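The residues making up each chain are set out below.
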Amino acid sequence: MKQPVYILGIESSCDDTSASVICNAKVLSNVVANQEIHSKYGGVVPELASRAHQQNIVPVVQQAIIQAKIKKEDLTAVAFTRGPGLMGSLLVGTSFAKSLALGLQIPLIDVNHMQAHILSHFIEEESSKTPPFPFICLTISGGHTQIVKVTNHFEMEILGETIDDAVGEAFDKSAKILGLPYPGGPLIDKYAKLGNPKAYQFTKPKVGDLDFSFSGLKTGILYFIQKQVKLNSNFIEENLNDICASIQYTIVEILMTKLKNAVKQTDIKHIAIAGGVSANSEIRNRLQLAEKHFGWTTYIPKFEYTTDNAAMIAITGYLKYLDNNYSDVSISAKARLKVTE
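Residues numbered from 1 in each chain as written. Predicted model: local features only at pLDDT ≥ 70, side-chain atom pairs only at ≥ 80, totals over all residues. Heavy atoms only, no water.

## With respect to the overall build of the protein
Link 1 in the chain: Assigned secondary structure in the protein consists of nine helices and 10 strands.
Link 2 in the chain: A principal-axis box enclosing the C-alpha atoms of the protein has dimensions of 65 × 45 × 30 Å.
Link 3 in the chain: Counting over 341 residues, the protein shows a buried share of 52%.
Link 4 in the chain: Within the protein, counting contacts between residues at least 6 apart in sequence, those at least 24 apart form 73% of the total. (Helix = DSSP H or I, 4+ residues; strand = E, 2+ residues; numbered from the N terminus. Buried < 20%, exposed > 50% of the residue type's maximum accessible area, 1.4 Å probe, protein only. Contact = heavy atoms within 4.5 Å.)

## Re the nonpolar core
Side chains that are nonpolar tend, in soluble globular proteins, to be buried together.
Link 1 in the chain: Core analysis: the biggest nonpolar cluster contains 45 residues, and L178 and F214 have the highest contact counts within it.
Link 2 in the chain: Elements that contribute at least two residues to this core include exactly β6 (135-140), α4 (167-177), α5 (185-192), α6 (215-231), α7 (235-266), β9 (270-274) and α8 (281-294).
Link 3 in the chain: Among the elements that take part in this core, α7 stands out by supplying 15 residues, more than any other.
Link 4 in the chain: What L178 contacts, discounting residues up to four positions off in sequence, is I225, I236, L240, I243, C244 and I247.
Link 5 in the chain: Counting 31 residues, the second largest nonpolar core, distinct from the first, contains I7, V148, Y299 and A311. (Core = buried A, V, L, I, M, F, W, Y, C linked by side-chain atoms within 4.5 Å.)

## What about the pairing of β6?
Link 1 in the chain: For β6, the tally of buried residues reaches six of six residues, placing the bulk of the element in the interior.
Link 2 in the chain: Where burial is concerned, the two faces of β6 agree: the one with F135, C137 and T139 and the one with I136, L138 and I140 are both buried.
Link 3 in the chain: Here β6 pairs with strand β7 (residues 145-152) via six bridges, running antiparallel. What sits directly across from T139, in β7, is Q146.
Link 4 in the chain: Hairpin connection, β6 to β7: the antiparallel pair is bridged by four residues.
Link 5 in the chain: Across four bridges, the pairing between β6 and β9 is parallel. Across the sheet, residue L138 finds its bridge partner in β9, namely I273. (Pairing = 2+ DSSP bridges.)

## Things to note about the environment of L240
Link 1 in the chain: The residue L240 is located in helix α7 in this model.
Link 2 in the chain: Sequence spacing of L240 and D189 is 51 residues, and the spatial spacing of their C-alpha atoms is 12 Å.

## A few points about the pattern of salt bridges
Link 1 in the chain: Under the definition given, this model contains 10 salt bridges.
Link 2 in the chain: As a salt-bridge pair, K72 and E73 come within 3.5 Å of each other at their nearest N and O atoms.
Link 3 in the chain: Residue K72 is classed as partly exposed on the basis of its relative accessible area of 41%.
Link 4 in the chain: For E304, the salt bridge identified is with K302, shortest N-O distance 3.3 Å.
Link 5 in the chain: Overall, E304 belongs to the partly exposed group, its relative accessible area being 38%.
Link 6 in the chain: Within this structure, E125, K302 and E304 form a network of salt bridges that share partners. (Salt bridge = Lys/Arg side-chain N within 4 Å of Asp/Glu carboxyl O.)

## Some thoughts on the side chain of N309
Link 1 in the chain: For N309, the location among the structural elements is in the loop between β10 (297-299) and α9 (310-322).
Link 2 in the chain: Residue class for N309 comes out buried when judged on its relative accessible area of 0%.
Link 3 in the chain: Of the polar contacts made by the side chain of N309, one reaches the backbone oxygen of E304; its length is 3.4 Å.
Link 4 in the chain: A polar contact of 2.7 Å, which involves the side chain of N309, links it to the backbone oxygen of T307.
Link 5 in the chain: Not counting residues up to four positions away in its chain, the partners in contact with N309 are E11, S18, N30, V32 and E304. (Polar contact = N/O pair within 3.5 Å; in protein donor to acceptor, adjacent residues only side chain to side chain.)

## A short note on the sheet that holds strand β2 (residues 17-23)
Link 1 in the chain: Read from one edge to the other, the open sheet built from five strands follows the order β3-β2-β1-β4-β5, with strand pairing classed as mixed. A single partner strand is all that each edge strand has here, and the edge strands are β3 (26-33) and β5 (108-112). The sheet shows a mean angle of 20 degrees between the axes of neighbouring strands, direction not considered.
Link 2 in the chain: Pairing geometry for strand β1 (residues 6-11) and strand β4 (residues 77-83), over four bridges, is parallel. The residue of β4 that forms the bridge with I7 is A77. (Axes fitted to C-alpha atoms, helices over the stretch in contact; angles between N-to-C directions.)

## Describing the side chain of N261
Link 1 in the chain: Position of N261 among the secondary structure elements: in helix α7.
Link 2 in the chain: In this structure N261 touches D209 and L210, once residues within four positions along its chain are discounted.

Written out as structure tokens, the structure reads:
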């Protein structure tokens with residue numbers, strides 16, 4: 001029987017405060033406090049986010065420890081998100097993690113948020129399968145769109161990434177153009193299920209084989225909507241499902257085309273997705289179809305491990321702990337951090 005290793009993970013990179021306890025690679029608790037305040041501003045307000053983290057962090061960590069049915073003295077190490085993210089938000093999690101690790105006299109482990117999204121696939125669940133190395137991961141979120149080649153837990157190479165907006169922004173900003181509330185990505189997904197994906201055609205940006213660009217697509221959608229609304233003021237209400245389905249179809253087509261190119265170039269057929277946008281139902285459907293059509297093996301995380309959550313921080317902390325890869329207490333948060341750092 002191997003010694004239980006209890007890792008507390010703390011995630012505070014954007015607008016969700018989250019804490020998780022894992023034992024070896026199994027999740028015992030994963031508590032997330034969402035910040036409702038941003039919806040009325042149509043996006044995350046950094047100053048309000050960091051204030052909300054300060055209010056939430058103590059009760060969220062306490063709840064995670066209670067749900068895990070352990071005492072804080074049982075913890076083996078504390079892992080926290082160092083970056084990338086909003087500086088004010090990161091500072092709350094970083095300083096709390098340092099204080100707790102010092103107080104309990106246990107190791108402190110810094111985690112790269114982007115690596116954690118990818119390594120969430122190594123959380124042990126009864127029904128889930130773990131990708132073998134090397135595999136390709138499409139990391140898609142509100143702030144990032146990347147195709148990453150993963151050779152081992154901490155050896156990663158960016159094959160392609162967005163040169164402007166991230167895919168999550170493309171969804172949210174398209175939703176904003178349609179007058180939908182923030183965050184709009186899940187609403188586009190919801191209405192798209194009822195619409196015709198081929199109803200309207202949007203031009204796909206022309207960039208390199210593995211790179212992404214979404215700003216032109218967003219502008220194209222804006223001009224299209226403005227033009228149609230001039231002709232018919234009720235255009236959005238009358239055609240909402242078809243518009244959403246067409247936008248979603250175009251975005252997912254772009255993602256799938258780039259993935260196919262990556263498979264062609266690397267000959268790696270183990271494909272994982274990670275990040276908040278991987279909760280999108282159309283992306284999940286298309287990946288499952290790719291298993292049949294192209295002989296890929298795909299790895300799709302559980303919904304709760306796709307958005308920003310502390311379980312992915314804790315599993316990454318656990319893997320670093322096994323490597324004795326600890327942090328010095330002088331380490332500081334870093335708002336910009338590449339997945340390879």
